[in-house]
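Residue-level listing of the chains:
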Amino acid sequence: MEQGRRSSVQWVGKLPVPGNQWNALRVVVTGKKIEGSLNGTKYVDYTWKENIDGRIGLWSKADSYIFFGDVSVKPK
């Protein structure tokens, strides 16, 4: 979020997300570095402008049905 508005750090389009099954979403944040993968394939590799201080949010498009199960946040 920037000034109360949602923003993307890196856009990934046409991601192959299998439907009607559970998928594994993983985000690893180390200092300024953000890495994101889906089902074991890395799609996001981004360096932010400052250290990231531990906030997390989950969002889906308004016309989607999304279920999040077994969500965990672990410090390194």
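Preceding this paragraph is the structure being described.
Residues numbered from 1 in each chain as written. Predicted model: local features only at pLDDT ≥ 70, side-chain atom pairs only at ≥ 80, totals over all residues. Heavy atoms only, no water.

J.: Hey, could you run me through the pairing of strand E3 (residues 41-47) in this one?
T.: One face of the sheet, then the other: side chains in a regular strand alternate in exactly this way. Judged from the 6 bridges that link them, strand E2 (residues 33-38) and E3 form a sheet pairing that is antiparallel. Each bridged residue has a counterpart across the sheet, and for Leu 38 the counterpart in E3 is Thr 41. Between E2 and E3, which pair antiparallel one after the other, the connecting turn spans 2 residues, and Asn 39 there sits at a positive phi close to 50 degrees. (Pairing = 2+ DSSP bridges. Helix = DSSP H or I, 4+ residues; strand = E, 2+ residues; numbered from the N terminus.)

J.: Even after reading the chapter, I still don't get the packing of aromatic side chains, so can you show me in this structure?
T.: What describes a pair of aromatic rings is the distance from one ring centre to the other and the angle between the planes of the rings. Under the definition given, this model contains 1 aromatic pair. Consider the rings of Tyr 46 and Trp 48, whose centres lie 6.3 Å apart with planes at 50 degrees: the pair is tilted. (Phe/Tyr/Trp six-rings, centres within 6.5 Å; stacked < 30°, edge-to-face > 60°.)

J.: How should I be thinking about a nonpolar patch on the surface in this particular structure?
T.: On the surface, a nonpolar cluster with roughly 880 Å² of combined accessible area is contributed by Leu 25, Val 27, Val 29, Ile 56, Leu 58, Ile 66, Phe 68, Val 71 and Val 73. Following the sequence through the fold, Val 29 ends up in strand E1 (residues 25-30). (Patch = residues over 30% accessible without salt bridge, like charges linked within 9 Å, V, L, I, M, F, W, Y side chains within 5 Å. Areas by Shrake-Rupley, 256 points an atom, 1.4 Å probe, with all protein chains shown as cover. Salt bridge = Lys/Arg side-chain N within 4 Å of Asp/Glu carboxyl O.)

Interpretation note: all reported values are geometric properties and have no functional meaning in isolation.
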